[in-house]
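Structural description and commentary
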Amino acid sequence: MKLLFTSITILLLIFTAAFELDAVVVWPGSGNSGSSGSRNPARGSFHASELPGLSKKPLTKEKVSINGQPLTLEIYQLKTSREMLTAILKNRIKPEQLETGADYLRAIIPTGRHSSDRWLFVFAAPDQPVTAFRIEQDSPVPPVNVWPRELPPLPAGSQADMIMEIPRIDAVYGSFDHAAGDPVQLLVSYSARLASDGWHNAGAEHSPAIRGTGEIYFRNHPERQILWVKFGENGNGAFYLKKIE
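Residues numbered from 1 in each chain as written. Predicted model: local features only at pLDDT ≥ 70, side-chain atom pairs only at ≥ 80, totals over all residues. Heavy atoms only, no water.

1. Details of the nonpolar core
If you look at the biggest cluster of nonpolar residues, it comprises 19 residues, and the most contacted ones within it are V64, I66, I135, M164 and Y173. Where this core is concerned, the elements lending two or more residues are strand 1 (60-66), strand 2 (69-78), strand 6 (130-137), strand 7 (159-166), strand 8 (171-177), strand 11 (225-231) and strand 12 (236-243). Ranked by residue count, the leading element in this core is strand 7, at 3 residues. The next biggest cluster of nonpolar side chains, apart from the first, holds 16 residues, and it includes A48, I93, F121 and A132. (Core = buried A, V, L, I, M, F, W, Y, C linked by side-chain atoms within 4.5 Å. Buried < 20%, exposed > 50% of the residue type's maximum accessible area, 1.4 Å probe, protein only. Helix = DSSP H or I, 4+ residues; strand = E, 2+ residues; numbered from the N terminus.)

In structure tokens form, the structure reads like this:
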């Protein structure tokens, strides 16, 4: 279960709609950046090799597909402090390319005119190395073509936003913009729909009394699967489905 929540957190932090894939600035030297003769590096010209304490090679790589486009997720470690990393990123990339959270930083680092590295830095404890997740984006991700049949149907009035497939672990993640409404009530009504399709809730977050906005479900037929459903306050929703061996 811990692995499931870790996977969900990573997916949401890297790919939520609030951090658009197209938020890539023009590469310095293209005519829209500062002078190349400046003593201080131009903001936006940051290179990943400048990240303090970055491991030379990724700890692991994972092949993924986003809206049908093949990409690679890499995991690194950084031996640095949150304060130092934050200061460097704020000094070297533009404010709209950096998002901070209670235990993470999320950054888009341009690597070319139309390419960028998307980074997620997760802080476990002050004395522990920073875990970094990286996806290299060479071209804009296409829009969703078809909602995958592996996932439950989109809620009524929703529009698909992004599909991420992770073949090695046989998992699919889908995000969507749902129709305006109370996320608590959306979860209650959608839980009833899932129950009719053979899904069983693992908790009680869908109960009106608890007023949850996310729930985990499982089912054994036609195959063993686990499903996470989330409705956000900002009008976004997500499904994460994984087969269980």
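Let us keep going from here.
2. As for the pattern of salt bridges
A side chain with one charge may pair with a side chain of the opposite charge, provided their charged atoms come close. Inspection of the entire model under this criterion finds 10 salt bridges. The closest approach of N and O atoms between E136 and R134, which form a salt bridge, is 3.4 Å. Judged by its relative accessible area of 36%, E136 is partly exposed. (Salt bridge = Lys/Arg side-chain N within 4 Å of Asp/Glu carboxyl O.)

3. Here we look at the pairing of strand 11
Where burial is concerned, most of strand 11 is hidden: 6 out of the 7 residues are buried. As judged from the 6 bridges shared by strand 10 (residues 214-219) and strand 11, these two strands associate in the antiparallel manner. Paired with Y217 across the bridge in strand 11 is L227. If you look at the hairpin formed by strand 10 and strand 11, you'll find 5 residues sitting between the two strands. Both strand 11 and strand 12 contribute to a ladder of 7 bridges, which runs antiparallel. Among the inter-strand pairings, W228 is bridged to a residue of strand 12, identified as Y240. The turn linking strand 11 back onto strand 12 is made up of 4 residues, and G235 within it adopts a positive phi angle of 90°. (Pairing = 2+ DSSP bridges.)

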